[in-house]
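One-letter residues, chain by chain:
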Amino acid sequence: MVAKRLPIFLVMLAAVVGLAACESAPRAVPHFAPLNFSGEPPINLDVASIQVIDRASAAPVPGDVRQFFPISLTEAVRSWARQRLHAVGSQNTARVIIESASAVGKRIENAQGMRGFFGTGPAEQYKVELRVRLEIRNDRGFQAAAASAMAVRTTTAQADVTPADQKEIFYTMTKEMMGDINGEMVKNIHTFMPRYLR
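Residues numbered from 1 in each chain as written. Predicted model: local features only at pLDDT ≥ 70, side-chain atom pairs only at ≥ 80, totals over all residues. Heavy atoms only, no water.

1. Thoughts on unusual backbone geometry
Phi is positive for Asn92, close to 75°, though the residue is something other than glycine. Along the chain, Asn92 turns up in the loop between strand 3 (85–87) and strand 4 (93–109). (Helix = DSSP H or I, 4+ residues; strand = E, 2+ residues; numbered from the N terminus.)

2. Examining the side chain of Ser100
Relative to the helices and strands, Ser100 is located in strand 4. Among residues more than four places away in sequence, those in contact with Ser100 are Ala56, Glu129, Leu130 and Arg131. (Contact = heavy atoms within 4.5 Å.)

3. A look at the environment of Gly179
For Gly179, the location among the structural elements is in helix 4 (residues 163–192). Taking the relative accessible area as the measure of exposure, Gly179 reaches 38% and is therefore partly exposed. The spatial distance from the C-alpha of Gly179 to the C-alpha of Trp80 is 9.7 Å, given a sequence separation of 99 residues. (Buried < 20%, exposed > 50% of the residue type's maximum accessible area, 1.4 Å probe, protein only.)

4. Some details on the packing of helix 2 (residues 73–84) against helix 4
Look at helix 2 against helix 4: their axes get within 11 Å of each other, and the N-to-C directions meet at 45°. The angle between the axes of helix 2 and helix 4 places the two elements in the oblique class. Once helix 2 is placed against helix 4, the crossing between them reads as right-handed. Mapping the contact onto sequence places Leu73, Ala76, Val77, Trp80 and Arg84 in helix 2 and Thr174, Met178, Asn182, Met185 and Val186 in helix 4. (Axes fitted to C-alpha atoms, helices over the stretch in contact; angles between N-to-C directions. Parallel < 35°, antiparallel > 145°, perpendicular 65-115°, else oblique. Left-handed = near helix turned anticlockwise from the far one by under 90°.)

5. Section: the confidence of the model for the chain
Of the residues in the chain, 79% reach a pLDDT of 70 or more, and the chain-wide mean stands at 85. Every residue in residues 1–6 scores below 50 in pLDDT, and together they form zero contacts with partners more than four places removed in sequence or on other chains. In the model, residues 112–118 has pLDDT below 50 throughout and makes eight contacts with residues more than four positions away in sequence or in other chains. (pLDDT = per-residue confidence, 0-100.)

6. A look at the pairing of strand 5 (residues 122–137)
Where strand 4 meets strand 5, 16 bridges bridge the pair, whose relative direction is antiparallel. Across the sheet, the residue bridging to Ser100 is Arg131, located in strand 5. Bridge count for strand 5 against strand 6 (residues 143–158) is 15 bridges, and the pairing is antiparallel. Among the inter-strand pairings, Tyr126 is bridged to a residue of strand 6, identified as Thr155. (Pairing = 2+ DSSP bridges.)

7. Some remarks on the environment of Lys106
Position of Lys106 relative to the elements: it lies in strand 4. Along the primary structure Lys106 and Lys127 are separated by 21 residues, whereas in three dimensions their C-alpha atoms are 8.7 Å apart. Residues within four places of Lys106 in sequence aside, it is in contact with Ala123, Glu124 and Gln125.

8. Examining the packing of aromatic side chains
Two measures describe an aromatic ring pair: the distance that separates the ring centres and the angle between the ring planes. For the structure on display, the rule yields three aromatic pairs. The interplanar angle of 75° and the centroid separation of 4.8 Å between the aromatic rings of Tyr126 and Phe170 together place this pair among those described as edge-to-face. Of this pair, Tyr126 sits in strand 5 while Phe170 is found in helix 4, placing the two residues 44 residues apart along the sequence. Taken as a pair, Tyr126 and Phe170 share a single burial class, namely buried. In textbook terms, an aromatic cluster arises when at least three aromatic residues are bridged by ring pairs, as seen for Phe69, Tyr126 and Phe170. (Phe/Tyr/Trp six-rings, centres within 6.5 Å; stacked < 30°, edge-to-face > 60°.)

See below:
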């Protein structure tokens, strides 16, 4: 009898061990690739240097969620400036100014029409705003030209969203917003500072 039951016992033991291993296996940490603008043509400016200046408030506000972004908004702007803007002149200075970079979350109750997607409990709404200004300063420090761009995104997720899913949401929002900033800035550069394009 023991000889017949042993294989069944071993199968059950293996199943239990395998189930425990599956339950204890940690979820893979998502990889967030740096934002890449290198596939687009460079914006050659008639300046000797390019600076990035962060004037966005770093002070936390109620509901602030910036610390959960896998790539910060300011770093996203720095990557854009580094990859898209090229100094090809011998005078003048280009200044990329981050005027605001905010991300705030707040708890909301789901409307009747949202229940099918978000469930019946409360949800979390995120609003992200980014404003960037590009200035050309001459060698005396006076502003010679300027162009601006702004992007705003709002999205809603379940209130019990996991940290990993939250990071994916913020990464997607950052990527989409930088696409908006890029498109608007290119248009405004050609409109408001064509004499400094080379």
